[in-house]
Structures are given as C-alpha cells and as structure tokens.
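Single-letter residue listing:
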Amino acid sequence: ILGHDHPSALNRSLREIYDTTHVIVMDSDACPIAPDWMNEVDSLLEEHDAIVASDPRLFGMSHPCFMVLPGAAPTQLDFAEGLREVGLDTGRLVGLQLVRLGYKVHFARPAPAFDGYRGQTYLGNRVYHHGQGSFSSSSHPGHRGAYEPDLEQLFRRKLSEGDFCLSRAERRWLRLRSA
C-alpha cells in the first residue's frame, strides 16, 4: 500500500523482549541534534509514561519518527492500525493506542526546521526529523518522484556540517527555485 514495509518492520522489531524501562523509536532520517536531548526526555518522563512526536500535518495523530515507549507497551501496539482500514500512514494511531492502554502520553509538537523549507524539530529543537529521507534509495516510482537531488544535496550538506540555519543566499536560492 505504501511502497515500503515500515509498519511491518516496526511491529516485528517491537515484538522483541526488552528489559528496559523504555524503548526509543526513531526513523532512519531522525536524530538528536542537541547534547541535552536525553535530559529533556528524562524530564518529560517524570510526568508522562510515553512521548510521541505529533504528526506535523494531522492534528491529534502521532508520527513514528520519534517515540519513547514504556518497555511493556511495544508488544501491545500496532503501527499498521488504520492503514488498510482508512489509509492512515504508519504509526499515526500509536499515540491513541497508548492513551487507550492507560498511559499518560506527551505529544511532542513539531517546529519547522530550516526556516520551514525542510523537516521538523521536536523537544525544543533537540531532535530533528528530515522527512522522506529514505526516498532517495527507494525503487518505488512514487518515492523517486518526490526526491529532488539538488535540494537534498543542500540539506544533506547542512546536516553533515551540523548547521540548521540557512544563509541569506541559500534562502534566496530556495525562493527562486520554488518560483
């Protein structure tokens, strides 16, 4: 349905037995960008049982790019729920599933990264999610069509340099490119 096996891969990996208080789930194109990100996670877990990234486009839905799940919860979650029934993307109902299981969930709100041109940050700019970062290696026609090599090259360079700010010239180039 999606051209990838993301929900199935998450469900299979989270069926493992974890001997930890929490399990952290991150997309392959998500990463911590601030050294104190785990301190923020620990702080939020003082009042909550779980942390899930909010979907930047669908209010009330979760996004599997970043989740901190209670160690007992993963085997009870279904990252494919809603996919076949109503076409929801991977993990969009995991936050709701956690609430239904009785967990107190913190929905981390996204903030636009790179002046709104690419990606989101969570936890006060501590975790970055690039979004569709694996599309460049996909053979699925719909994914390949969404991949723009020159645009990705700019953001990959910025990411590798640890620079999350666009220069005036880069913003100008992006505006001209979109026009």
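A. Broad picture of the overall build of the protein chain. Counting secondary structure elements, the protein chain contains 7 helices and 8 strands. Every one of the 179 residues in the protein chain was classed for burial, and the buried ones make up 42%. In the protein chain, once contacts between residues fewer than 6 apart in sequence are set aside, the share between residues at least 24 apart is 62%. Split by element, the accessible area of the protein chain, about 9900 Å² in all, is 51% carbon and sulfur.

B. Quick peek at the environment of Ile24. Turning to its location among the elements, Ile24 is positioned in strand β1 (residues 22–26). You can call Ile24 partly exposed: its relative accessible area is 37%. Between the C-alpha atoms of Ile24 and Leu69, which are 45 residues apart in sequence, the distance is 6.3 Å. Setting aside its immediate chain neighbours within four residues, Ile24 contacts Trp37, Met38, Phe66, Met67 and Val68.

C. Representation of the sheet that holds strand β7 (residues 120–122). Strand order in the open sheet formed by 4 strands is β2-β8-β7-β6, with antiparallel pairing between adjacent strands. Two strands bound the open sheet, and with one partner strand each, they are β2 (30–32) and β6 (111–112). The sheet contact formed by β7 and strand β8 (residues 127–129) spans 3 bridges and is antiparallel. By the bridge assignment for β8, Gln120 is matched with His129.

Rules used in this analysis
Residues numbered from 1 in each chain as written. Predicted model: local features only at pLDDT ≥ 70, side-chain atom pairs only at ≥ 80, totals over all residues. Heavy atoms only, no water. Helix = DSSP H or I, 4+ residues; strand = E, 2+ residues; numbered from the N terminus. Buried < 20%, exposed > 50% of the residue type's maximum accessible area, 1.4 Å probe, protein only. Contact = heavy atoms within 4.5 Å. Areas by Shrake-Rupley, 256 points an atom, 1.4 Å probe, with all protein chains shown as cover. Pairing = 2+ DSSP bridges.

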